[in-house]
Each structure stands twice: as C-alpha cells, then as structure tokens.
Amino acid sequence: MRDLEIRGAGNVLGTEQSGHIAAVGFDMYSKLVAEAVSALKKVVTPDAPAGPEPLPPPPLIDLPLSAHIPESYVPDIHGRLAAYQKIAEITSAEGVAEMQAELADRFGPVPRSVENLLYVALVRSMARRANVESLKTDEQMFHLRIRGGTTLETRSAVEALRLKSVITGPNQVRIDRIGAGTNWMPLVARVLRVMVEAAAK
C-alpha cells in the first residue's frame, strides 16, 4: 500500500504504467496474475479436486553455448523481450521449428546464437519433464543430476540406447563430452528424450 501511495497504481491497458509491467508486457502480466489467482484459489479451497501433477521447478542448464538474441538481429527491445518470452514457452521440437520459421520470416536468417537459444529452451523443457535438477558441463562430461535419484525406468531406458559415451548412476546420467565430439547436441537431446518417455510411464 505504501508503494501505491508513492508511485500510484498505473494503468495496465494504457501508457501510464508502474514497475516492470511495461517491460514484461500485458500478456505476460496477465499470465502472472492468473497464476497468482489460481494459487490463491487452491489455498482457499483445499478440498477442490486435484488437477494434474505440477511440473518440478525448471532445471539449471549450463551448456558450452553462446545462446542469446543479438541486438543486431532484433533491434527493438520489446521485440527481443517478446521473442525471449515465446522461446521460454517452447516444449517440443515442433515448437522449435515453428519459432525458428517465425523468426526467419520476421527478421531474416536465424543466427547461430539464436539457434543455440532455441536448443537450450528445448533441452530445459525436456529436462524439466524428465525430473532433471541440473545439467552441468565440465571439460570431460555432461552431468544430468536427477531430482530424487535415477529410477529403474530411467536407467533401463538410457542403457537401452547402448551408447558407450552415456553412463547411468544412482543420482545422475553422465555423457562423455570428449567421446561425443562435435555431435554432443543431438546426443544430449536424444538421451533426454528417452528420459522423458521413462518419466511418463
């Protein structure tokens, strides 16, 4: 309330806005408000029938890639923010292809850094559905740490790939970065895909 007294409430539908609503945009603001209202309704009506199991928090992704939208590609900051928001909502390879086609149509050939960003968005989405807590990289390995440890289904699915460069353990799946060479990107995506399928069973 004190903040409202100092700055005023602003006007969501007009140009007089407070805080970060102008940068986030009305659509994202509406989505955040809807999520907050939904969370409050669950608190108020705890006896309501349970919906689908919520996804775990987004995993920490650390990959050796330059992944961003260059200012030279999308000069307008609002256009870049809108593109980042749409990319963050990608959940499938089809979504990546559609977003890449949309960007190419609007701004021209997609630079490598944007292709990398689309890849990272897809990996993050798959990792989240596979219950991956983090995907970290060192000089030799990619480490996919599983929240709560690897299940029998996950270990069986990954081992069924019969890849020497992929190792399953009690808490993580490791991919040999050196052994994978320059083809590590499709390999990481392939491993995550079977992990998502195993987690869905």
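Draft legend 1. Spotlight on the pairing of strand β3 (residues 141–146). Counted residue by residue, β3 has 5 buried out of 6 residues, so it is predominantly covered. Bridge count between strand β2 (residues 132–137) and β3: 5 bridges; the pairing is antiparallel. Its bridge partner being in β3, S134 is matched across the sheet by R145.

Draft legend 2. Helix α6 (residues 112–129), seen in detail. Under the 1.5 Å per step criterion, the end-to-end length of α6 is 26 Å for 18 residues, consistent within 8% with the ideal 26 Å. Most of α6 is tucked away, with 13 of its 18 residues classed as buried. Downstream of α6 by one or two residues, N131 has phi in the positive range, about 65 degrees.

Draft legend 3. Just the nonpolar core, in detail. Within the largest apolar cluster, 44 residues are counted, with the highest numbers of intra-cluster contacts made by L63, L135, L144, V191, L192 and M195. At the level of elements, α4 (77–88), α5 (93–107), α6, β2, β3, β5 (172–176) and α9 (184–200) are the ones that each hand at least two residues to this core. Excluding residues that lie within four positions of it along the chain, M195 makes contacts with A130, V132, L144, I146, T154, V158 and V173.

Draft legend 4. Layout of the environment of T151. One can find T151 in the loop between β3 and α7 (152–159). Judged by its relative accessible area of 37%, T151 is partly exposed. Sequence separation between T151 and G169 is 18 residues; the distance between their C-alpha atoms is 9.9 Å. Of the polar contacts made by the side chain of T151, one reaches the side chain of T154; its length is 3.0 Å.

Draft legend 5. Region of the structure containing the sheet that holds β5. On the basis of which strands lie adjacent, the open sheet formed by 5 strands has the order β1-β2-β3-β5-β4 and mixed pairing. The open sheet has two edge strands, β1 (60–61) and β4 (166–168), and neither has a second partner.

Draft legend 6. Expanded view of the layout of surface pockets. Its boundaries defined by the atoms lining it, the largest pocket holds a volume of some 380 Å³. In this structure, the largest pocket is lined by 14 residues; those nearest its centre are A88, E89, I90, R124 and R128. Among the elements of the structure, α4 and α6 are those that each provide at least two residues to the lining of the largest pocket. Ranked by residues supplied to the lining of the largest pocket, first place goes to α6 with 6 residues. For the second largest pocket, the calculated volume is near 240 Å³. In terms of lining, the second largest pocket is formed by 17 residues, of which the most central are R129, A130, N131, T151 and A199. If you list the elements that add at least two residues to the lining of the second largest pocket, you get α6, α7 and α9. Grouping the constituent residues of the lining of the second largest pocket by class yields 7 nonpolar, 4 polar and 6 charged.

Draft legend 7. Fine view of the packing of α7 against α9. Where α7 meets α9, the axes come as close as 9 Å, and the angle between the chain directions of the two elements is 145 degrees. Relative to α9, the crossing made by α7 is right-handed. Contact with α7, carried on its side by E153, T154, A157 and V158, involves V191, V194, M195 and A198 of α9 and no other residues of that element. The class makeup of the residues in the contact of α7 with α9 is 6 nonpolar, 1 polar and 1 charged.

Draft legend 8. Fine view of the pattern of salt bridges. Following the criterion strictly, the structure yields 3 salt bridges and no others. With a shortest N-O distance of 2.8 Å, E102 and K86 are connected by a salt bridge. You can see E102 sitting in helix α5 and its partner K86 sitting in helix α4, a full 16 residues away along the chain. Among the residues examined, K86 registers a relative accessible area of 39% and is labelled partly exposed. Taking the shortest distance from any N to any O, the salt bridge between E115 and R112 comes out at 3.2 Å. Here E115 and its partner R112 are both found in helix α6, 3 residues apart, which amounts to about one turn of the helix. The class for E115 is partly exposed, based on a relative accessible area of 27%.

Analysis parameters
- Residues numbered from 1 in each chain as written.
- Predicted model: local features only at pLDDT ≥ 70, side-chain atom pairs only at ≥ 80, totals over all residues.
- Heavy atoms only, no water.
- Buried < 20%, exposed > 50% of the residue type's maximum accessible area, 1.4 Å probe, protein only.
- Helix = DSSP H or I, 4+ residues; strand = E, 2+ residues; numbered from the N terminus.
- Pairing = 2+ DSSP bridges.
- Expected span 1.5 Å × (residues − 1).
- Core = buried A, V, L, I, M, F, W, Y, C linked by side-chain atoms within 4.5 Å.
- Contact = heavy atoms within 4.5 Å.
- Polar contact = N/O pair within 3.5 Å; in protein donor to acceptor, adjacent residues only side chain to side chain.
- 1 Å grid on protein atoms, 1.4 Å probe; cavity = no way out; pocket = protein on both sides within 12 Å on 5 of 7 lines; lining within 4 Å.
- Points joined across faces, edges and corners; volume = space filled by probe spheres on them.
- Nonpolar A, V, L, I, M, F, W, Y, C, P; charged D, E, K, R; others polar.
- Axes fitted to C-alpha atoms, helices over the stretch in contact; angles between N-to-C directions.
- Left-handed = near helix turned anticlockwise from the far one by under 90°.
- Salt bridge = Lys/Arg side-chain N within 4 Å of Asp/Glu carboxyl O.

None of the figures reported here should be taken as evidence of function without further support.
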